[in-house]
Amino acid sequence: MQIKEASFLTSSVNPKDCPAPNKPEYAFIGRSNVGKSSLLNMLCNKKKLAKTSGTPGKTRLINHFLIDHAWYMVDLPGYGYAKLSKTEREKFKNMIDDYLTERTNLANLFVLIDSRHAPLKSDLDFMQHIGNIEIPFSIVFTKTDKLKPSELEENLKVYQDKLHEEWEDLPPVFLTSSTSKSGREEMLRYIKNINKS
Ligand code: GTP
Ligand code: MG
């Protein structure tokens, strides 16, 4: 699938202010700096659609992008950003929780994980949580360009073994790089198939 048109629509603090839930929606979630906004840009083939930054905590609102007049991509703030005050972190957590429970058109949540890192409890707990509340999700390993193929394979195995401790069946997994654009076709094909069903 190719994306022909992608444009920024709105930024919302509250799920109630988001666009009407009348189109399928795909959201990107994960720790600050994992590469959510960069992945959105890479999929849309537009460098500056979503704002990215080397400093964690760049995305602070629920950002909707309209794709081909038919579906939405959503860039969410990162979780687990240590430099925020406790009150601010709580505010982001509530914003994300409300979004996840209230957005009836959420077709799939992409949970982004930095492919360089060992499994983190906060990410595993988060996936457990969304599994429990039955939100359809898949895992996207980001920044794969920063690893040698053998290192990537090893990290992936460690992660999958960890997930198997809790789950028999694992969610779909994508390996991506926003710089080399690897994983782009696979993710777009996956979205296209859900949109068709
Ligand atoms: P917050 O909005 O702060 O939660 O961060 P984010 O998850 O949206 O991350 P963002 O896309 O802003 O990227 C963070 C940093 O990682 C930026 O400096 C990006 O250029 C870099 N980055 C993101 N994806 C990749 C990738 O696939 N490869 C490499 N090498 N760098 C990446
Ligand atoms: Mg961002």
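Residues numbered from 1 in each chain as written. Chains lettered and ligands numbered in written order. Predicted model: local features only at pLDDT ≥ 70, side-chain atom pairs only at ≥ 80, totals over all residues.

- With an unreviewed UniProt entry as reference, the chain is termed Probable GTP-binding protein EngB, source organism Marinilabilia rubra.
- Here the chain is described in UniProt, under the heading Sequence similarities (unreviewed entry), as follows: "Belongs to the TRAFAC class TrmE-Era-EngA-EngB-Septin-like GTPase superfamily. EngB GTPase family."
- Entered under Cofactor (unreviewed entry) in the UniProt record, the comment concerning the chain runs "Mg(2+)". (UniProt positions renumbered as here; feature names shortened; annotations may be inferred.)

## Structural notes on the overall build of the chain
Thinking step 1. Counting its regular elements, the chain contains five helices and seven strands.
Thinking step 2. Starting at the N terminus and ending at the C terminus, the chain contains elements arranged as β-β-α-β-β-α-β-α-β-α-β-α.
Thinking step 3. By sequence separation, contacts in the chain at least 24 residues apart represent 73% of the contacts at least 6 residues apart. (Helix = DSSP H or I, 4+ residues; strand = E, 2+ residues; numbered from the N terminus. Contact = placed C-beta atoms within 7 Å.)

## Let's talk about the sheet that holds strand β6 (residues 137–142)
Thinking step 1. Read across the open sheet, the seven strands follow the order β1-β3-β4-β2-β5-β6-β7; overall the sheet is mixed. In this open sheet, the two edge strands, each paired with only one partner strand, are β1 (6–12) and β7 (173–175). Sheet twist, expressed as the mean angle between neighbouring strand axes with direction ignored, is 25°.
Thinking step 2. Relative to strand β3 (residues 62–67), β1 runs antiparallel, the two being bridged by six bridges. Bridge pairing in β3 places Ser11 opposite Asn63.
Thinking step 3. Strands β1, β2 (25–30), β3, β4 (71–75), β5 (106–114) and β6 of the sheet are contacted by helix α1 (residues 36–44), whose axis makes an angle of about 145° with β2. (Pairing = 2+ DSSP bridges. Axes fitted to C-alpha atoms, helices over the stretch in contact; angles between N-to-C directions.)

## Some remarks on the site of ligand 1
Thinking step 1. Taken together, 23 residues lie around ligand 1, and Gly35, Ser38, Thr52, Thr59 and Gly78 are the ones closest in.
Thinking step 2. With three residues, the single largest contributor to the shell around ligand 1 is α1.
Thinking step 3. Considered class by class, the residues forming the shell around ligand 1 number three nonpolar, 15 polar and five charged. (Near = placed C-beta within 6 Å. Nonpolar A, V, L, I, M, F, W, Y, C, P; charged D, E, K, R; others polar.)

## Quick notes on the nonpolar core
Thinking step 1. Ala27, Phe28, Leu40, Val74 and Leu112 are the most contacted members of the largest nonpolar core, which totals 31 residues.
Thinking step 2. Listing elements by their share of this core, those giving two or more residues are β2, α1, β3, β4, β5, β6 and α5 (184–196).
Thinking step 3. The dominant element in this core, judged by the number of residues it contributes, is β5, at five residues.
Thinking step 4. If near-sequence neighbours (up to four positions away) are discounted, Val74 is found in contact with Glu25, Tyr26, Ala27, Phe28, Ile62, Asn63 and His64. (Core = buried A, V, L, I, M, F, W, Y, C linked by C-beta atoms within 7 Å. Buried ≥ 20, exposed ≤ 12 C-beta atoms within 10 Å, placed from the backbone.)

## Some remarks on α5
Thinking step 1. End to end, α5 covers 18 Å across 13 residues, agreeing with the expected 18 Å (1.5 Å per residue, within 8%).
Thinking step 2. When α5 is considered as a whole, its buried residues turn out to be Arg184, Met187 and Ile191. Down the axis of α5, the sector holding all buried residues measures 75°, keeping them to one side. In α5, the exposed positions that point more than 90 degrees away from the buried face belong to Glu185, Arg189, Asn193 and Lys196.
Thinking step 3. The inward-facing, buried residues of α5 contact β2, α1 and β7. (Expected span 1.5 Å × (residues − 1). Arc of directions from axis to C-beta.)

## Considerations on the environment of Ile62
Thinking step 1. Inspection of the secondary structure assignment puts Ile62 in strand β3.
Thinking step 2. In this structure Ile62 comes out as buried when scored by C-beta crowding, with 23 C-beta atoms within 10 Å.
Thinking step 3. With 110 residues separating them along the chain, Ile62 and Pro172 place their C-alpha atoms 24 Å apart.
Thinking step 4. Beyond its immediate sequence surroundings of up to four residues, Ile62 is in contact with Ser11, Ser12, Cys18, Val74, Leu76, Met95 and Tyr99.

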